[in-house]
Amino acid sequence: MRGWDYHDADVTAPTLNTLCQLLDALHCGAALVDREGRYAHVNPRLAVMHGRPAGELVSRPVRSTYSDDASRARLAELIDFDRPIEGEFHLERPAGERLPVVFAGRTFGADDGEPRYLVITVIEIAQQKQDLAEVTDLSDTVLEQALRLRGDNHLLEERVRQRTAELHDANMTAITMLAVASEARDEDTGAHVKRIEAYARAVAREMGLPEVQAREIGYSAILHDVGKIHVPDDVLKKPGRLTDDERELMQQHTVIGERILSDNPFFETARRIARSHHENFDGSGYPDGLAGDDIPLAARITHVVDVFDALSSERVYKDAWPPGRARDTVVEEAGTSFDPAVVEAFVRCLESGATVPAFPATAGEAVE
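About the criteria used
Residue numbers here run from 1 along each chain, matching the order of that chain's written sequence. With the structure being a predicted model, the display of local features is reserved for residues of pLDDT at least 70 and the display and counting of side-chain atom pairs for 80 or more, all residues being used for whole-chain, interface and lining totals. The basis for every side-chain value is the complete set of heavy atoms in the structure, and neither hydrogens nor water enter the calculation. Partly exposed describes any residue whose relative accessible area lies between the buried limit of under 20% and the exposed limit of over 50%, with all areas from a 1.4 Å probe on protein chains only and scaled to the type maximum. Runs of E in the DSSP output that reach at least two residues are strands. Runs of H or I that reach at least four are helices, and both are numbered from the N terminus. The pairing criterion for strands is at least two bridges between them, as found by DSSP. Lines fitted to the C-alpha atoms define the axes, with helices restricted to the stretch that makes contact. Angles between their N-to-C directions range from 0 to 180 degrees. Angles are sorted into four bins: roughly parallel if under 35 degrees, roughly antiparallel if over 145, roughly perpendicular if 65 to 115, and oblique for all others. Handedness of each helix crossing follows the sense of rotation of the near helix against the far helix: counterclockwise by less than a right angle gives left-handed, clockwise gives right-handed. By the convention used here, residues are in contact when the closest approach between their heavy atoms is within 4.5 Å. Put simply, Ala, Val, Leu, Ile, Met, Phe, Trp, Tyr, Cys and Pro go in the nonpolar bin, Asp, Glu, Lys and Arg in the charged bin, and everything else, Gly too, in the polar bin. Helix span, as expected, comes to 1.5 Å for every residue beyond the first. Any Lys or Arg side-chain nitrogen found within 4 Å of a carboxyl oxygen on Asp or Glu counts as a salt bridge.

*Asks:* Would you take a moment to explain the pairing of strand β1 (residues 29-34) for this structure?
*Replies:* Both faces of the sheet carry side chains from a regular strand, because those side chains alternate between them. Here β1 lies mainly inside the structure; six of its six residues are buried. By the alternation rule, side chains of β1 split into G29, A31 and V33 and A30, L32 and D34, which are all buried. Inspection of the sheet shows β1 paired to strand β5 (residues 117-124) by six bridges, in the antiparallel sense. From the neighbouring strand, V33 faces β5, where its bridge partner is L118. Between β1 and strand β2 (residues 39-42), which follow one another and run antiparallel, lie four residues, and G37 among them has a positive phi close to 80 degrees.

So this is what it looks like as structure tokens:
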């Protein structure tokens, strides 16, 4: 359902179509709002959160979905084209029920002129364990890179060449947005991917890789599980043991993740990690049964830090392990699941404590 003007000078129809496809793929609410304050596009998740069909919301003023003046006044503060949006609010459902949410967004569709649209994300916070504001760090450059990731048109390529200095920041925010979108379905609001980034960067640096390469491995590692976006919730959040069919479906997130990251050169390392971070050093992993040095180094590093963080963090199917126990398990698997050289570097990082983040659920316990 779309309500934009295809004749906008600086926003092409293919660009908006690609953007709306991206918003529709998100597992949080998302919408385009025009300068008159009307919904121009509403993704399926936001329609469910509103309790209304998307077709009923498109072209409707956002303020008309609220019945009281106080809410409309607060909405006017949030729907602002002159500054970034970020704050807690609520959606009003047809029966008057209020759904607590975090609103966030940035303008989109302008270069030198005025922006045409406001892109907002809406995340429920009633059941969240942590502050979700960090999940919604959204900007126009994020959207440009996300669109480029989807194979956008020549207009975006020209902007990339003109704004090289800004491209890296856009890539970083897009990576975080995609990673958090996938990890949020595991009841994790972004802390996991930030720990993975810090661990992977520290290990790469400890192994003597150049700083630029260490940083690349770090930010690429946070997309290791982006393919989980396509894993059904009843499998992803199952508290018990998976069946053989469910395990096979779960394992597909590696090849799906590689496919999601397309063929953009910027994501080459992220693609290798997404596909190969479950390959075991002895060749017993998946999806390709690679062994030893045939497994990309970035994937070998991510495999170690991902398993360590998973063991030392609470999951729907397990309690958090003490960091010392998690570390010992990783050490025991050196040469079978993990590259021994990577494990040694990781243990040195843990022992130094200077370049790795606090532990997720056992921050008060030292690694012994």
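*Asks:* For this particular structure, what's the right way to read the packing of helix α8 (residues 191-206) against helix α9 (residues 211-221)?
*Replies:* Helix-helix packing is described using two parameters, namely the angle between the two axes and the distance between the axes. At a minimum axis distance of 7 Å, the contact between α8 and α9 shows a crossing angle of 150 degrees. The pairing of α8 with α9 is recorded here as roughly antiparallel in orientation. In the packing of α8 onto α9, the handedness of the crossing is right-handed. Residues I196, E197, A200, R201, A204 and R205 of α8 form the contact with α9, whose participating residues are E211, A214, R215, I217, G218, Y219 and A221. Tallied by class, the residues present in the contact of α8 with α9 amount to seven nonpolar, one polar and five charged.

*Asks:* Whenever I open this one, helix α14 (residues 297-311) confuses me. Can you help?
*Replies:* The α-helix winds at 3.6 residues per turn, so residues separated by three or four positions along the chain end up facing the same way. Along its 15 residues, α14 runs 22 Å from first to last C-alpha, staying within 8% of the 21 Å computed at 1.5 Å per residue. Burial runs high along α14: twelve of the 15 residues are buried. Buried within α14 are the following residues: A298, A299, R300, I301, T302, H303, V304, V305, D306, F308, D309 and L311. Packed against the buried residues of α14 are α8, α9, α13 (268-276), α15 (323-332) and α16 (340-352).

*Asks:* Where do I start with the pattern of salt bridges in this structure?
*Replies:* Opposite charge on two side chains permits them to pair, given that their charged atoms come into close proximity. Taken as a whole and assessed by the stated rule, the structure comprises 22 salt bridges. Between D225 and K228 there is a salt bridge; the shortest N-O distance is 3.3 Å. Taking the shortest distance from any N to any O, the salt bridge between R272 and E268 comes out at 2.8 Å. With R272 and E268 both in helix α13 and four residues apart, this pair spans about one turn of that helix.

Treat this as a map of the structure, not an account of what it does.
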